[in-house]
Amino acid sequence: MQASEPGRDTEQDLIRAASTGDTVAMAKLYDLHADRVYTIVRRLAGEDALAEDWCQDAWIRIFDGLREFRGEAKLSSWIHRVAVNSALNGRRRQLRFTRRERALSTSLVDTRHDSEGLRRLLEAAISRLPEGMRKTLVLHDIEGYAHAEISTLLGTTESNSRSQLVRARAKLRAWIIEGSP
Amino acid sequence: MIERHLSEDRLVLLLDEEGTADERAHLAVCEQCRNQLEVYVRLGRMIVQLPALSAPAHLRSQVLERVQSRQVRRASLPKRSMILLQAAAALLIFAAGVATAPLFRQGPDVASPSGSVQSSEAWLTTTAGDPAARLALLDAVLLTAKAARQRAPADPGIRTIHERVLAEQQRAVSALLATYGTVRWF
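Worth saying up front: this structure is predicted, and the values here are computed from it rather than measured.

1. Some remarks on the overall build of chain B
Working step 1: Counting its regular elements, chain B contains eight helices and zero strands.
Working step 2: In sequence order, the secondary structure elements of chain B are arranged as α-α-α-α-α-α-α-α.
Working step 3: Here chain B, with 186 residues, has 33% of them falling under the buried criterion.
Working step 4: Look at the contacts in chain B between residues 6 or more apart in sequence, and 60% of them connect residues 24 or more apart.
Working step 5: Accessible area for chain B stands at about 11,300 Å²; split by element, carbon and sulfur atoms hold 58% of it.

If you want it as structure tokens, here you go:
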């Protein structure tokens, strides 16, 4: 497959080259957006292995969809949206709740008193939330989606989205602040 | 003003909503509810400020390998298309042969095909025309389909065509036997 020419590194050039199968351009686009895609997918997935599978699916969709990308939205927003859809439509795997619960209990003891540890604990607690609560909390509180959008994405109602958010926040509060998983 | 403490559900939603005048009045005088709300406010701030995660290094190679393997598969598609085209061409030749067979056939008249614009599928399964001519053409198509299958043994489309033509050839043999009693090769 052809390689990107030197200097063809503007976003439009990368899109054009990647959409024709230029793997160097694809790699550059991946490097630019990999962390953002992984972050949203990992938080929605709640576990590493699932997140990696969903990320691969997301990137295949992104590269396949570049040909149809018309630039009406920012590329980063479009990639983000594709990643969210890939994660929400992703194939389910058996959730390993037990293992996650054990990991969270350990981190509660070990990392309560420093801010980096607290962030890790919060990430772990979000991962541990039941699927509906986790997705709603991630989409609403972290990604800034409105309840109307979330209800469309998850195929629920706005009131269900609100209810899931209330329960998710209450659970996190109990786990993080009160330390009672 | 609300006398009772605000429910946890209401406190959680007050992160996003202004709340009613009664709720605001209650919060103004109730330290317990204010503290509870503050806990949620701090938690919400922590959630919003969570830093981006780093994609694992091995994910990059997995993604790019998967992209490249898809490209390789796509690049091999023309070869498969050529084989399918070859099989389709053979079917068309067969169809044309069946259509013109009555012109060259010797022996009792047989009704000509019902129209000149029939699909290959219709020609493949037709019982019209000279059974001997049909069998000869099916043999030719079968040779092409067999060769295509040897080149692409895993291709389900070619396998289906080969099996269909083989089945039709066997039916044609039976039909010929029923018509003439013995198979008469040209």
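There is more to say, and it comes next.
2. Examining the interface of chain B and chain A
Many authors give the size of an interface as the accessible area that is lost as the parts come together.
Working step 1: With 33 residues of chain B at the interface, the matching set in chain A holds 40 residues.
Working step 2: With both sides pooled, the region where chain B packs onto chain A buries about 3,400 Å², and carbon together with sulfur makes up 65% of that total.
Working step 3: The three residues of chain B that bury the most area against chain A are Ile47, Leu50 and Leu53 of chain B, which together make up 19% of that side's buried surface.
Working step 4: Taken together, the links from chain B to chain A amount to five salt bridges.
Working step 5: The salt bridge involving Asp16 of chain B is made with Arg169 of chain A; its shortest N-O contact spans 3.0 Å.
Working step 6: The tally of links between chain B and chain A comes to 13 residue pairs in polar contact (both at pLDDT 80 or more).
Working step 7: The greatest single-element share of the side of chain B that touches chain A, amounting to 12 residues, is contributed by helix α4 (residues 57-75) of chain B.
Working step 8: The residue inventory of the side of chain B that touches chain A, partitioned by class, reads 19 nonpolar, six polar and eight charged.

3. Focus on helix α2 (residues 23-45) of chain A
All names here are of chain A.
Working step 1: Taking 1.5 Å of rise per residue, 23 residues should cover 33 Å, yet α2 covers just 27 Å from first to last C-alpha, more than 12% shy of that figure.
Working step 2: At His33, α2 shows its strongest bend, of approximately 55°.
Working step 3: With 17 of its 23 residues buried, α2 lies for the most part within the structure.
Working step 4: Downstream of α2 by a residue or two, Gly46 has a phi angle that is positive, lying close to 85°.

What counts and what doesn't
Residues numbered from 1 in each chain as written. Chains lettered and ligands numbered in written order. Predicted model: local features only at pLDDT ≥ 70, side-chain atom pairs only at ≥ 80, totals over all residues. Heavy atoms only, no water. Helix = DSSP H or I, 4+ residues; strand = E, 2+ residues; numbered from the N terminus. Buried < 20%, exposed > 50% of the residue type's maximum accessible area, 1.4 Å probe, protein only. Contact = heavy atoms within 4.5 Å. Areas by Shrake-Rupley, 256 points an atom, 1.4 Å probe, with all protein chains shown as cover. Buried area = accessible area lost by both parts, 1.4 Å probe. Salt bridge = Lys/Arg side-chain N within 4 Å of Asp/Glu carboxyl O. Polar contact = N/O pair within 3.5 Å; in protein donor to acceptor, adjacent residues only side chain to side chain. Nonpolar A, V, L, I, M, F, W, Y, C, P; charged D, E, K, R; others polar. Expected span 1.5 Å × (residues − 1). Bend = angle between axes of the 7 residues up to and from the residue.

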